[in-house]
Amino acid sequence: QSKRNGRAQATLFENEMLTDLRYTRLIERELRAAIMLGELELVYQPVLRRDGSMAGCEALVRWRHSLRGMISPAEFIPVAERSVLIDLVGEWVLRQACRDMREFPEMYFSVNFSANQFKRDTVVAMVQSVLAETGIAPPRLVVEITESMAMSHSEDVRERLNALRSLGVKIALDDFGAGFSGFAYLQSFPVDAIKIDRAFVTKLGTSAASNVMVTALVSVAHAAGMHVVAEGVETAEQHRLGAEAGADLFQGYHLARPMGLAAVRERRASKERLAVDGPPVKTLAF
Ligand code: C2E
Ligand code: MG
Ligand code: MG
Ligand code: MG
């Protein structure tokens, strides 16, 4: 058997037997290149007030791969999180969002952070310097961290979240309710807002118990001085019931899909308003 055939066979074998680890390494290598090549992009999903106006938007990363097309963050963020790549991606996302959002000074914007980014003692300085470099007022930035991630590294995370808050940056607990850390946890965690997980929002209207559950979540959060975003609102009924339960802000396909910057611009200028009624809203800090 020639050397050449041997190699061809080995390659084929490897492709068929790709282990998770090898796949991870492959993605890592490609992702590193992607950052350099400018293959990462941001889309923004509007977050609406009760009156339908845009309070802000959430930056969501996409990877436009030259061969494989659009890759979802659900696929590559978990891989990035296993190495320092998450720091590169995280800093890129923050800087790009800050640059883009200079155009809309009246809106807040949120950026998702991996809890692994909070393992580095450089994270606070990184945020501070990107804000300074881009001229973004710290209170416009909301850092989103998932409830489950926040729980699993509570000491470091808590300390650095506090440091960010003392810069004036806001913190939101993402996917709240999905991790079941629950009410007690809210008391001890320094956050400005919770985003009620889509799993709860989806159940609105399906049983009296779900409506009661969301109403309870909202009132505990409000009592603790936090704002409440209902995320994953897919229907007019979920929108209405979410507002009835007291949520301050709304995000979901029913209201707006994630979109490019030009579409955000248009949406902001548009007079179209998806308004909804509910109990009186607190004055929103963002
Ligand atoms: P997330 O932060 O909870 O973001 C919400 C996800 O739900 C987004 O998916 C959004 O497109 C989707 N979504 C919004 N409204 C609806 C709806 O009404 N129905 C349904 N079914 N889905 C809706 P996406 O963009 O694929 O992001 C998935 C997750 O990836 C995000 O969940 C977030 O955890 C993570 N992610 C996205 N961008 C970044 C990033 O820049 N950094 C980090 N660390 N994570 C990110
Ligand atoms: Mg989020
Ligand atoms: Mg979420
Ligand atoms: Mg989510």
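An unreviewed UniProt entry annotates the protein chain as Bifunctional diguanylate cyclase/phosphodiesterase of Jiella endophytica.

Caption draft 1: Local environment of the side chain of Glu-231. On the secondary structure map, Glu-231 appears in strand β8 (residues 227–231). Residue Glu-231 is classed as buried on the basis of its relative accessible area, which comes to 10%. Beyond its immediate stretch of four places on either side in the chain, Glu-231 contacts Asp-174, Asp-175, Lys-195, Ile-196, Asp-197, Arg-198, Val-201 and Gln-251.

Caption draft 2: Highlighting the environment of Trp-63. Along the chain, the position of Trp-63 falls in strand β2 (residues 54–65). By relative accessible area, which is 0% here, Trp-63 ends up buried. Ignoring sequence-local partners within four residues, the contact set of Trp-63 consists of Ile-27, Glu-30, Leu-31, Ala-34, Glu-39, Leu-40, Gly-69, Met-70, Ile-71 and Phe-76. Within the structure, the side chain of Trp-63 is placed 2.9 Å from the side chain of Glu-39, a separation counted as a polar contact.

Caption draft 3: Region of the structure containing the confidence of the model for the protein chain. Considering every residue of the protein chain, the mean pLDDT works out to 88; 89% of them sit at 70 or more. Across the interface, the model reports ipTM at 0.98; the global pTM reads 0.91.

Caption draft 4: Looking closely at the site of ligand 1. As a structural note, the neighbourhood of ligand 1 is formed by 22 residues, with Arg-62, Asn-112, Asp-174, Glu-234 and Tyr-253 the closest of them. Gln-45 is positioned such that a nitrogen or oxygen atom in its side chain is 3.1 Å from a nitrogen atom of ligand 1. Tyr-253 is positioned with one of its backbone polar atoms (N or O) 2.8 Å from an oxygen atom of ligand 1. When ligand 1 is considered free in solution it has 800 Å² of accessible area, and contact with the protein chains removes 83% of it. Every element with two or more residues in the shell around ligand 1 is listed here: β2, α3 (73–80) and β6 (170–176). Counting residues per element, the shell around ligand 1 draws most heavily on β2, at 4 residues. Considered class by class, the residues forming the shell around ligand 1 number 9 nonpolar, 5 polar and 8 charged.

Caption draft 5: Main features of the coordination of the magnesium ion (ligand 2). Taken together, the protein ligands of the magnesium ion (ligand 2) are Glu-58 (OE), Asn-112 (OD1), Glu-144 (OE) and Asp-174 (OD), with distances of 2.0 to 2.2 Å. Between consecutive donors of the magnesium ion (ligand 2), the numbers of intervening residues give the motif E-x53-N-x31-E-x29-D.

Caption draft 6: Inspection of helix α4 (residues 85–101) at higher detail. If you check α4, its first and last C-alpha atoms are 24 Å apart, about what 17 residues at 1.5 Å a residue would give, namely 24 Å. Of all the residues in α4, the buried ones are Leu-85, Ile-86, Val-89, Gly-90, Val-93, Leu-94, Arg-95, Ala-97, Cys-98, Asp-100 and Met-101.

Caption draft 7: How the structure looks around the packing of aromatic side chains. Within the structure shown, the criterion is met by 2 aromatic pairs. Here Trp-63 and Phe-76 contribute two aromatic rings whose centre-to-centre distance is 5.5 Å and whose plane-to-plane angle is 85°, an arrangement assigned as edge-to-face. With Trp-63 in strand β2 and Phe-76 in helix α3, the pair connects residues that are 13 residues apart, well separated along the chain. Comparing Trp-63 with Phe-76, the two get one shared label, buried.

Caption draft 8: Seen up close, the coordination of the magnesium ion (ligand 3). Protein coordination at the magnesium ion (ligand 3) comes from Asp-174 (OD), Asp-175 (OD), Glu-231 (OE) and Glu-231 (OE), with a distance range of 2.2 to 2.4 Å. Every donor residue of the magnesium ion (ligand 3) comes from the same chain, spaced as D-D-x55-E. The distance between the magnesium ion (ligand 3) and the magnesium ion (ligand 2) comes to 3.9 Å, with Asp-174 serving as a donor to both metals.

Caption draft 9: Fine view of unusual backbone geometry. Phi is positive for Asp-175, close to 55°, though the residue is something other than glycine. Within the fold, Asp-175 resides in strand β6. A relative accessible area of 26% means that Asp-175 is categorised as partly exposed.

Caption draft 10: Here's a closer look at the packing of helix α5 (residues 123–134) against helix α7 (residues 154–167). Where α5 meets α7, the axes come as close as 9 Å, and the angle between the chain directions of the two elements is 25°. Taken together, the axes of α5 and α7 lie roughly parallel to each other. Seen from above, α5 lies across α7 with right-handed handedness. Counting all contacts with α5, which are made through Val-123, Val-124, Val-127 and Gln-128, the residues of α7 involved are Arg-160, Ala-163, Leu-164 and Leu-167.

Caption draft 11: Region of interest: the environment of Val-61. Here Val-61 is to be found in strand β2. Spatially, the C-alpha atoms of Val-61 and Glu-41 are 5.8 Å apart, while their sequence positions differ by 20 residues. The contact partners of Val-61, leaving out residues within four places of it in the chain, are Leu-40, Glu-41, Leu-42, Pro-73, Phe-76, Ile-77, Trp-92 and Val-93.

Rules used throughout
- Residues numbered from 1 in each chain as written.
- Chains lettered and ligands numbered in written order.
- Predicted model: local features only at pLDDT ≥ 70, side-chain atom pairs only at ≥ 80, totals over all residues.
- Heavy atoms only, no water.
- Helix = DSSP H or I, 4+ residues; strand = E, 2+ residues; numbered from the N terminus.
- Buried < 20%, exposed > 50% of the residue type's maximum accessible area, 1.4 Å probe, protein only.
- Contact = heavy atoms within 4.5 Å.
- Polar contact = N/O pair within 3.5 Å; in protein donor to acceptor, adjacent residues only side chain to side chain.
- pLDDT = per-residue confidence, 0-100.
- Near = heavy atom within 4 Å.
- Areas by Shrake-Rupley, 256 points an atom, 1.4 Å probe, with all protein chains shown as cover.
- Nonpolar A, V, L, I, M, F, W, Y, C, P; charged D, E, K, R; others polar.
- Donors = N, O, S within 2.8 Å, 3.2 Å for Na, K, Ca; no water.
- Expected span 1.5 Å × (residues − 1).
- Phe/Tyr/Trp six-rings, centres within 6.5 Å; stacked < 30°, edge-to-face > 60°.
- Axes fitted to C-alpha atoms, helices over the stretch in contact; angles between N-to-C directions.
- Parallel < 35°, antiparallel > 145°, perpendicular 65-115°, else oblique.
- Left-handed = near helix turned anticlockwise from the far one by under 90°.

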